[in-house]
Each structure stands twice: as C-alpha cells, then as structure tokens.
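# Understanding the architecture of this molecule
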Amino acid sequence: MKNISKKTKIIALLVAIIIIAGIIIILTKGLNFELKYETAQKIQLYLAKEFNISDIKKITDEIFPNQDVIIQTVEIFNETVGITVNNITDEQKSNLITKINEKYGTELQADEIEITNIPHTRGRDLIKPYITPFVVVTIIILIYLAIRYKKLGILRTTALVAFCIAIAQMLLLSIMAITRIPIGRITIPLVLIVYMLSLMGITTNFEKKLKEKNKEEEI
Amino acid sequence: MKKIKILTIILAIVLITMVSFFGVYTQVQNRMENQIKQYSYAMDIEGTRSVRLALNDETNTIIKDAQGNEVEDTEELTDEQIQEKGYTKEEIPVNSEEVKKVENYKKSKEIIEKRLKLQGLDNYIIKLEENTGDIIVEIKENAQTDSIISNINTVGKFEVIDSETKEVLMNNNDLKEVKVMYGVDGTSGTTIYLNMEFDKEGTKKLKEITSTYKTIEETEENENAEETENENIEETNTTNSTNATNETSTETTEEVEELKDGTEKEKQVTIKIDDSEFTTTSFKKPVENGILQFSMGSSSTDLDSVNETAGRATRIATILNCEAMPVRYEIEENQYIYSDITNEQLQMAEYIALGVIALALIVLIIRYKLLGILGAVSYVGFTSLLMLIVRYTNIVLSIEGFIGIVAILILNYILVNKLLKQDNQNEIYKDFFIKTLPIIILSIVFCFIVWEPISNFGMVMFWGFFLIAIYNMIITNSLVKIKAGKEK
C-alpha cells in the first residue's frame, strides 16, 4: 500500500470532522430552509399606486427586524405588494399597515386585511426531480470512467469515483448545515458546482495516474 | 497582411459584441425596437402564476319526496309547490365532514400533480396546508396557463348511467386510459376523437351494457335525437381501437321496451363527467374490445378550430386519466406573482460577473502582453456569442442556467490561458476535452431530462462546450498562430 502523505491525512481528517459535525447538526437542529420553502404567513396590500420594493423593504426592516422577509409584486400593474414572513403578529400587522398608509397615503384597515398561511415545501419534494437525472448521469459517467481507466482497475476506479462524488456532496451538505446556509434555490446550483468540480478533480488525477502507468509499461 | 487578418478578426468580434450586448435597433412605428431576441427566464427569476385552492364550502339543495327519494328537475318548483307535494328540502354540503381528511387532501394534491405532468408541465411548486386542506400551486405563466388552471380543481368523476333509472353502470374505476386521436379526411378536414379504453372489468361491463342497450332500428327521429347538448359531440361505436377514422356508427339506437301503443321506447345510457352530461346514447352492436370512441365537434379544416377542439379533448383525457378527486376544491386565489429576485439584484449580479471577467482578462493581458490582449479580445467575442446562442436556442434561464454560463466561461478561460501559454495546441485541446468529457456527458444527459432547470443547465453547458470547441479552433487559434508567425 502506498504511503499516504501527511497533507492528505490532514485533509481527510478535516473532511471527516466536518461531515461528522454536519451529521450531528442535521440530526439535532435540522437543516435551515429558505423562507420560500418554510411555513410562513403572507399579507397582501393593495396600494393603488406604483411602489418600489426598496421602500417597502425599509418598512419591513423596521417592523420585522432580524427576520427574513420576501417582498413580491402581485399582478402586472405593480400596485399590490405581497409580504411573506415566518410569523406576523396582530401588532406587527397593525404597525405595518400604519406605516404603509403613511408612506402611500392609503386608507388600509388592519381588520380588513387577511393574513394567509403558506404551507412549507417538503425537502424531499424539492430534491425529488433531481434524483433521477443525477443517478442516470452518475451511472453513465461511472461506466465511461471504468472503460477509460480500465488499466487502473475497473472496480477500483468505479469505487473511487463513487466515493469521491458521495464525499464531496456530503461535505457540501455538512458545510450548509454548519454554516446554516439555507436550503433553497441555490442548493441545486451548489450541488452542480461541487459535482462538476469533483469530476474535474477525479479525471485530472486519473489522467496523471494513467500517464504514469503507461510510462511504466513502456519502460 | 497579418495585421489585416488580426484587425479583421478583431472587428468581427467587436461587431458580435455590439450585437450581443447592445442589440440591433430598427424603427418600428416611430420607435426604435431591438431586433435581437430577448432572454427568457424561468419562473424562479421571472415570476409565477399562483393558485390557491380551498375546500368548497357550498351546499347543494336537494329535494326529496315523501319516500325519501331524490326528485329530479326541481329547479322551477316554488317553496309552496314543494310543500303542497309533500317534498322536503335538504341542504347537503359539497364536501361532507367524512371527506375532510388529511389523506384525502394528500390524495388531491397527488392527483393535481399528475394532471400537471400529463399536461406537459414539469416545473411547478405544490404545497398542502394539512390543517385546512388548502393547496397552493405555482406554475410558469404562458399561453397554456389558464387552460391548465381550469383543469386543476375539476373533480374528474366519470360515470356511465342508465338515462332513466339513474343507475350507475360504470365509473372511473373501470377506465384504463383515455387518449386523444386525430382522423384526417381529404374533404371534411380533421376530426378529433376521444378514445376511452376500459380495463378488464370495464371491458366486461361495457360488453354487457352495449348488448343490453342495442339498436333495433334506425329512424330519422333517432338521428335527431342523437345530437347531444354537449357541443355537437357524437357517439361513435368503434370496432377498431387503433384507428380513429375507422368505420363508426352515429345512429342512435334503442333498447327494446314495449310502450302502450305498441311502439318501442328508446332507452339510453348517459355518460357524465363531473355530473355534467357528456353524451346520451345507445349502441348499434356490442363493443367487445373495451374501447369507446367519441368524435369531438365536427370535422374542420381550420387549424385554430382543430387546435381548440384538440385542447378540449386533451383536457378531458387528462382529467379522466387521473383518479377522481376525493374532495371538491374551488379556486380562491389566482394571481401572477413576480419573483422576489428583483431586476436590481439581477443587474448587480451582472455587474459583478462583468467585473470578475474584466479582472481575469487584465490578468491575462499582464501575463501574456500582446498575446494576452488578443486572448482577451477572443474571450469577449466568445462570451458575446454564447449569450446570443442562449437566446436563439430558446434556453429558459434559471439559476441553474446561470451556473451553466458561469461554468462555461470559467472553462473557456482555462482553455484560452493554456492556448496562449503553449505551442502544441492539438495536445491542449485533447487534454482539455479528455478532462472535461465527464462534464460533457453530464451536459448531454441533462439536455434530455424533462425537469426544466436541469435541462436548461444541460443545454447551456452543451452549447457552451460546442462553442468552446468551434470558436477557439477558429478564432483563438487563428489569432495565436498569426501572432506567433508575426514574431518569427
């Protein structure tokens, strides 16, 4: 068995620690989901005039400090705003409407405005459409790599590629869990980036080994 | 001569860049209009049609006679008449308390998802509020959106009933598959058929029904009676399941039943979809293959008319290919909601990307001097062409699509950097494509995936790799070779 360098050992240890820490956090605290996919409450206000999201943002920052808020324009006329927050209390609703009335000269009444509940999106529903494409593409790539690097050992190559891809994705998930990066729209793009980087890393490494092997054979 | 060659290539790149980033403007009705195709964005960037379905809390008024049987045709009865006849009025909720269960809500959600998929919609968000049963559906806004939404809350109850006794002879459980078929006739045009295929049990029932309700004679009156209220839908009794234009019978038939005057009374079956009459008919001969075929509307040569009928038939087929919803829903909210990713945020991302590219190109120029400048010009041309390709290949840009563009730009930078560094260009190309081949495989496979964000990523990557191969071979290589030749 080849000697594993000290640098590789340290990296492997670090990766193992991050993954274990990530698993512990996922099991205890769970993952942090983007507000768009969380259970939330939404309030919709008709302002009867065009508005700027940045102006609404200033108001919501005052009413819902330190909370994620989604501000969306409803319908094409740019006169209705939808504000989504984790939880809206009656006091917050009342304050929000007062501020909006002050800013836009509207006469909205708190008791006439309804708060609607937005159900969460299940994590498995988010990833479901991506499972088949990734499984299919991984199988095809494994077959290709096994053929291309058969000199390095088909089984060894396949196992190593599968292991590297899995570890890279686990590492990403663990980092997201530890750093509390929300699971949402950027998750799949991140998965894709990590997937491509691991593939590039693997092929570069295998190419190097294949060249060495070919040289050895020539000698 | 070499100077002219370099200058020509640079001018061509400048032209492409101007077209890609600034557009080509022509005067259209006193205003200038960009003739270059605009980018199309996915729903996570552009916005969605959001539909909120709530449980229908209406009640149906049912009038029963003294024996407790439901009385038909009571719309014109006044309260006094009801009392006089000894009838009683009952208010029955559309959704009884028994059906208001989480399992039924989940089932409804699954049925809606299936309907969306059957209508070719692969990118949607669906959420269920388990406490209230409310379902929120978010889909992309396009020409089909309204038609798709109109199908969302339909219950989809299918019934074949005896027209007189109202006995349910068949229902959704007997259906296997409903298909839309086209029949083309040289003179009358295209006819749209709704092909209902029944399962094993359904086929047995259908054979029995069609034997019982068989034709005994054909009269003019019968032909008139055959016209149904359901938009000229004709019943056709087919004997061949695979051919929509096969010989059919449009004669209305009668079951043998002696009337007082010795004539025979027509007895028919009514096909109902969601309690609305689809058609009322009887059969010329027993149907043994378990397939019923109906022509929708009349034959037409007008494309719009054919498309409209086909759309209607497809909607019915979609509903019937899914189970009936266990709960009745009504559309409580149906509105277009813009994405929370604002134009300002997109612009900011654009500026950051341009800044990074500029920085990377400066590094290239510092590193390779004049050759670096040529490499940078070539890179700008590549970026411009890629952005044009993205627009003209109808790629719908999602966040994944943007990641694809960024990945391609990085990979191209790596390749250009290597091309400027070394002489053996063939070796560089070989090495580059061998190392990126797994990613090329990934791109090709993803192009065939129906999930829009993934397929868009695949398409961006595929066209990106295609461009990397062709563009660098023609432009970057030429610039490097001309420059190298000049130095020699």
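Residues and elements named next belong to chain B. Taking strand neighbours across the sheet as the criterion, the four strands line up as β10-β9-β14-β15 in an open arrangement whose pairing is antiparallel. Of all the strands in the sheet, just β10 (168-171) and β15 (276-281) have a single pairing partner and so form its edges. Between one strand axis and the next, the sheet turns through 20° on average, direction left out of account. Alignment of strand β9 (residues 158-162) against strand β14 (residues 269-273), held across five bridges, turns out to be antiparallel. Looking across to β14, one finds that Val160 is bridged to Ile271. Its contacts with the sheet place helix α5 (residues 200-212) against β9, β10 and β14, and it is angled at close to 145° to β10.

Turning our attention to the domain arrangement of chain A. As far as domains go, chain A holds domain 1 (6-32 + 122-218) and domain 2 (39-118). Between the C-alpha centres of domain 1 of chain A and domain 2 of chain A the distance comes to 43 Å.

Accessible area lost when the parts come together is the quantity often used to give the size of an interface. Contacts between the two partners involve 29 residues from chain B and, on the opposite side, 34 residues from chain A. Of all the secondary-structure elements, those providing two or more residues to the side of chain B that touches chain A are β7 (124-128), β17 (329-338), α9 (399-421), α10 (425-447) and α11 (452-487) of chain B. A per-element tally of the side of chain B that touches chain A places α10 of chain B first, with eight residues. In terms of residue class, the side of chain B that touches chain A is made up of 21 nonpolar, two polar and six charged.

This part is about helix α2 (residues 53-63) of chain A. Residue and element names in this part refer to chain A. Taken residue by residue, α2 has Ile56, Ile59, Thr60 and Ile63 as its buried positions. The buried residues of α2 all sit within an arc of 95° when viewed along its axis, so they share a single face. Seen from the open side of α2, the exposed residues pointing more than 90 degrees away from its buried face are Ser54, Lys58, Asp61 and Glu62.

Remark: helix α4 (residues 123-148) of chain A packs on α10 of chain B, axes separated minimally by 10 Å, with the N-to-C direction vectors making an angle of 145°. Read as a crossing pair, α4 of chain A and α10 of chain B show a hand that is right-handed. Facing α4 of chain A, whose interface residues are Pro133, Val136, Val137, Ile140, Ile141, Tyr144 and Leu145 of chain A, α10 of chain B presents Pro438, Ile441, Leu442, Val445 and Phe446 of chain B. Tallied by class, residues from the contact of α4 of chain A with α10 of chain B come to twelve nonpolar, no polar and no charged.

What follows deals with the packing of α2 of chain A against helix α3 (residues 90-104) of chain A. Residue and element names in this part refer to chain A. Between α2 and α3, the shortest axis-to-axis distance is 10 Å and the interhelical angle comes to 145°. As for how α2 packs across α3, the hand of that crossing is right-handed. Only Gln92, Asn95, Leu96, Lys99, Ile100 and Lys103 of α3 make contact with α2, whose side of the interface consists of Asp55, Ile59 and Ile63. Split into classes, the residues belonging to the contact of α2 with α3 amount to four nonpolar, two polar and three charged.

Once that is clear, we can look at the environment of Cys164 of chain A. Residue and element names in this part refer to chain A. Of note, Cys164 is situated in helix α5 (residues 154-179). Residue class for Cys164 comes out partly exposed when judged on the 15 C-beta atoms lying within 10 Å of it. In this structure, the C-alpha to C-alpha distance between Cys164 and Tyr195, residues 31 residues apart in sequence, is 9.6 Å. Setting aside chain neighbours within four positions, we find Cys164 in contact with Ser198 and Ile202.

Rules behind the numbers
- Residues numbered from 1 in each chain as written.
- Chains lettered and ligands numbered in written order.
- Predicted model: local features only at pLDDT ≥ 70, side-chain atom pairs only at ≥ 80, totals over all residues.
- Pairing = 2+ DSSP bridges.
- Helix = DSSP H or I, 4+ residues; strand = E, 2+ residues; numbered from the N terminus.
- Axes fitted to C-alpha atoms, helices over the stretch in contact; angles between N-to-C directions.
- Contact = placed C-beta atoms within 7 Å.
- Domains from an automatic or database assignment.
- Nonpolar A, V, L, I, M, F, W, Y, C, P; charged D, E, K, R; others polar.
- Buried ≥ 20, exposed ≤ 12 C-beta atoms within 10 Å, placed from the backbone.
- Arc of directions from axis to C-beta.
- Left-handed = near helix turned anticlockwise from the far one by under 90°.

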